[in-house]
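# Examining the three-dimensional arrangement
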Amino acid sequence: MEQKPEEKNRAKGGNAVERSFVKGIFNHLGLKILSIVLAVLFWVIVMNLSDYSMTKTIYNIPVEQQNGETIEEMGKVYDVIDGKTVDVVVKGPRSIVDSLTVSDFYAYADLGDLSVTNSAAIQVHAREARVNSSIEIHPVDETMNLTIEDKVDRELSIKAIANGDVAEGYAIGGLKVTPNIIRISGPQSIVDRVTEVRASIDTRGVSANLKKTVTPVCINAYNESMADRPIELSVSEVTVELTVYPTKTVPVKLNTLGAPASDYSIVELNYKPQEVTVAGPEDILEKVNAIYIDDISVDGINENKETNVMIDNYLPENVILADSNTEVAVNIVVEEQTVREIEVSASDIAMMGMNVAYDYTLKTSKAFKIRLKGLEADIANVSKESLQLSVDATDLPAGEHVMKLSYASPKNTTVTVLGKVTLEITEKEETTETTNPQNPEGGGENGDTGNTGDSGDATPTEP
């Protein structure tokens, strides 16, 4: 069938386009290939510029200790001197290195392959194989160093420790730990540094008895924990029981025992504190009203005395001290006594118990005196009047009598009568005028003329 003219023209046009396209591809082919090569090269350059090689230091990667049992099987124990962690310098593409952290690495030392200096090589790898193959890892320190010693055992008591203040108005009555003995084992140089084993319990705000399970910890002489040292404990947990008591503040009462040296007296008795806080079971505590310290000896002292006494020694049974003061400081001041003499005449002495049927004549020996011996402060203001001197003639018959002098005793003062008091009693001559014997002039019943109040009696002595 013969093609139409329009179809022939379309066919000719299509062939022309195909020839033109093919010709366009191969035109300037060298330039086009060069463009492709340059594009690839530029892409590589850009990628290298944006993902350049970099270095980064990763610090403190923990080092796992492998095959340590090979040392222990020889009856030895080891301690890591250094190399528990390792720092590494990492080099690689920025896209990988920049985001790396400690957790992306693991490190180990094979303790079964020690050098003659007891050191083991540290190996460090990235956890991901892709990362490990793309970077370089350079440990800063490549060895773990050990000390290897004989294994020793020790037995120590466990000390219970209370951490924190209990509630206000309460005090710790006791701490008990079970078991109270523990065996520790490890390198001798480390075990020998353990000074005590503690079991600590938190007591902050506690107001009732408490029981807790805690982990014992070894402590060195510097009060530092040795929990990170290679020490084995025979028990990993112990039980601590806390007893809590109510508290009470009571006065301190202090008394001396004995007497100072002759011619000396106690001037002051000072002590601090004068009250303390104690604790105990409630039924016992309510009966405690004071702490009595009554054995402070002053026997024979002729100078001031200072002493400290432990309060614990004077606490009642089942009562404990809950005070920051553990001692009572005592200060005793003594002073030498002085002597003072007061001259006295018969007119200074009151007559008591006179009978109206008699006449009375009171006489004193020459230089009749009252000698006072005591502290200056006590005797300075003593007078004849304050002594209230008197003699009592009650029921005495006519005649001459040596009288006992009565006086009011001054505080802390020794009174000595120097001389003699005599009383002459004579019968009155009868007169036509009779005096009522029941009410004589100037006297009360039985003729008393005064009252000595609190008095002392002294037999007069010759001066």
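Residues numbered from 1 in each chain as written. Predicted model: local features only at pLDDT ≥ 70, side-chain atom pairs only at ≥ 80, totals over all residues. Heavy atoms only, no water.

### Observations regarding the overall build of the protein chain
When you go through the protein chain residue by residue, the secondary structure sums to 9 helices and 30 strands. Looking at the 463 residues of the protein chain, the share that counts as buried comes to 31%. A separation threshold of at least 6 residues defines the contact pool for the protein chain, and within that pool the share at least 24 residues apart is 77%. (Helix = DSSP H or I, 4+ residues; strand = E, 2+ residues; numbered from the N terminus. Buried < 20%, exposed > 50% of the residue type's maximum accessible area, 1.4 Å probe, protein only. Contact = heavy atoms within 4.5 Å.)

### Things to note about the pattern of salt bridges
When the charged atoms of two side chains with opposite charge come close together, those side chains can pair. With the rule as written, the count across this model stands at 12 salt bridges. We note a salt bridge from Arg183 to Glu155, for which the minimum N-O separation is 3.9 Å. Note that Arg183 is positioned in strand β9 (residues 181–187) and Glu155 in strand β7 (residues 143–163), a separation of 28 residues in sequence. Judged by its relative accessible area of 42%, Arg183 is partly exposed. By relative accessible area, which is 56% here, Glu155 ends up exposed. Through salt bridges that share partners, Glu341, Lys369 and Arg371 make up one connected network. (Salt bridge = Lys/Arg side-chain N within 4 Å of Asp/Glu carboxyl O.)

### As for the sheet that holds strand β28 (residues 413–418)
Ordered by their spatial adjacency, 3 strands build an open sheet running β21-β24-β28, and the pairing between neighbours is antiparallel. Because the sheet does not close on itself, it has two edges, and the strands there are β21 (338–343) and β28. Within the sheet, the average angular offset between the axes of one strand and its neighbour, ignoring direction, is 20 degrees. Pairing of strand β24 (residues 369–374) with β28, which is carried by 6 bridges, proceeds in the antiparallel orientation. If you follow Leu372 over to β28, its bridge partner there is Val415. (Pairing = 2+ DSSP bridges. Axes fitted to C-alpha atoms, helices over the stretch in contact; angles between N-to-C directions.)

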